[in-house]
Amino acid sequence: MIVQPSPEAVARAAEILRAGGLVALPTETVYGLAADARSGEAVARIYEAKGRPRFNPLIAHVADRAAAERVAVFTPLAARLADAFWPGPLTLVLEKRPGAISDLATAGLDSVGVRVPAHPVARAVLDAFGGPLAAPSANRSGAVSPTTAAHVADGLGDRVEFILDGGPCTVGLESAIVDARDARGVLLRPGGLSRENLEAIAGPLEDPAPAGDRPSAPGMLTSHYAPRARVRLHAERRRPGEALLGFGGTPGADLDLSPAGDLREAAANLFCMLRDLDAPDITTIAVAPVPETSLGEAINDRLQRASVKRVYNFNL
Ligand code: TXA
Ligand code: MG
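Residue numbering note: each chain is counted from 1, following its sequence as written. Here every chain gets a letter starting at A, and every ligand a number starting at 1, in the order they are written. In view of the model being predicted, local features appear only for residues whose pLDDT reaches at least 70, and side-chain atom pairs are presented and counted only at 80 or more, with totals across whole chains, interfaces and linings using the full set of residues. Excluding hydrogens and water, the side-chain figures rest on all heavy atoms present in the structure.

A. Broad picture of the nonpolar core. Throughout, nonpolar core names a set of buried Ala, Val, Leu, Ile, Met, Phe, Trp, Tyr and Cys residues whose side chains join them through atoms within 4.5 Å. When a residue's accessible area, from a 1.4 Å probe over protein chains only, is under 20% of the maximum for its type it is buried; when over 50% it is exposed; and in between it is partly exposed. Of all hydrophobic cores here, the largest spans 50 residues; its most connected members are Leu33, Leu81, Trp86, Leu90, Leu92, Val178 and Leu198. Residues are treated as being in contact if the distance between any of their heavy atoms lies within 4.5 Å. Apart from residues no more than four positions distant in its own chain, valine 178 is found in contact with Leu81, Leu90, Thr91, Leu92, Val93, Gly185, Val186, Leu187, Leu198 and Leu205. If you look at the next biggest cluster of nonpolar residues, it comprises 27 residues, including Ala229, Val231, Leu277 and Val287.

B. Examining the packing of aromatic side chains more closely. Side-chain rings of Phe, Tyr and Trp (the six-membered ring for Trp) are treated as a pair once their centres are within 6.5 Å; stacked means planes under 30 degrees apart, edge-to-face means over 60, and tilted covers the remaining angles. A complete count under the given rule lists 1 aromatic pair for this structure. Taking 6.0 Å as the distance between ring centres and 80° as the angle between the ring planes, the aromatic pair formed by phenylalanine 74 and tryptophan 86 counts as edge-to-face. Within this pair, whereas phenylalanine 74 is found in the loop between β5 (72–73) and α4 (76–85), its partner tryptophan 86 is found in the loop between α4 and β6 (90–96), the two being separated by 12 residues in sequence. Judged by relative accessible area, phenylalanine 74 falls into the buried class, the value being 15%. By definition, any uninterrupted DSSP run of H or I lasting at least four residues is a helix, any uninterrupted run of E lasting at least two residues is a strand, and each is numbered from the N terminus.

C. Geometry of the side chain of serine 175. Position of serine 175 relative to the elements: it lies in the loop between β9 (163–164) and β10 (176–179). Given a relative accessible area of 2%, serine 175 falls into the buried group. Contacts described as polar in this section are N or O atom pairs within 3.5 Å, which, within protein, must combine one atom able to donate a hydrogen with one able to accept it, while residues neighboring in sequence count only if both atoms come from side chains. A polar contact of 2.8 Å, which involves the side chain of serine 175, links it to the side chain of threonine 91. In contact with serine 175, not counting residues within four places along its chain, are Thr29, Ile59, Pro89, Leu90, Thr91, Arg115, Arg189, Pro190, Gly191, Gly192 and Arg302.

Spelled out as structure tokens, the structure:
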């Protein structure tokens, strides 16, 4: 059920969450599938609804810095990043405080990913609920992340009974994830905050060790964010049977991520346009080159993952 985010609906969402149920809610990055992060049973429902491999830990969403400090141990680097970018599209991986989050939510790790979202509806639900919410993107595991309430309903169907509609996500890419446990940060996942912006505060960020299909940085599976059709990258023109996703005014494109070549606009459109082009009669979505600069790093990361031939079928 898709519900407009009235005060009553927000109160109802908090009630469902307190009872151990699932609520899909908008964040500025993508829609999340939320449950009480303190309850293993509630968190188990998320994994079930997503069909997600168990080794993939979830992000704990909290209302503010004080709530984050109750869940995780802050380092000076983490404090600087949180001051600069929270609320917003940044997840910090930090040492977990024992007992603050269910072990299932963190997949048994002694670290936790924590973030303060900026979307007013997410913030209203966090305030009404009063605790940490585990919330992965609200899609079946491996599929393209949802940036509208309708995407959530399409992907999860009646696996989630309550979907709060906060309109289309303004960022459109998942949060950037920085491991900030040491003095030198590691950019585990490029995301809706560019490396330049992060490094202006954090100094140079390291890259994670290559993951492959057995994640060393958990969750960074090589194939992810995948539409049903194949995805062909760096395409200059359309081949027969293909749909063409352009950038910066690509001639003959079916859709263009940003005709003006604006990476922020392209990020916001990426998942929605991949879905729109993923029609049954299309074998391949060809994608025009997108520059690597700024948010282009995260856009190319998602496109790269969408293009990898799937070894496992997580789309069930
Ligand atoms: O923007 C976002 O981050 C969205 C919205 C809903 O907040 N959430 C999201 O969650 O993308 P999810 O579960 O789809 O991706 C979370 C990523 C996974 O790659 C997971 O492995 C990683 O965060 N992660 C979570 N906790 C971690 C930890 N302790 N160490 C390393 N990676 C972690
Ligand atoms: Mg996801």
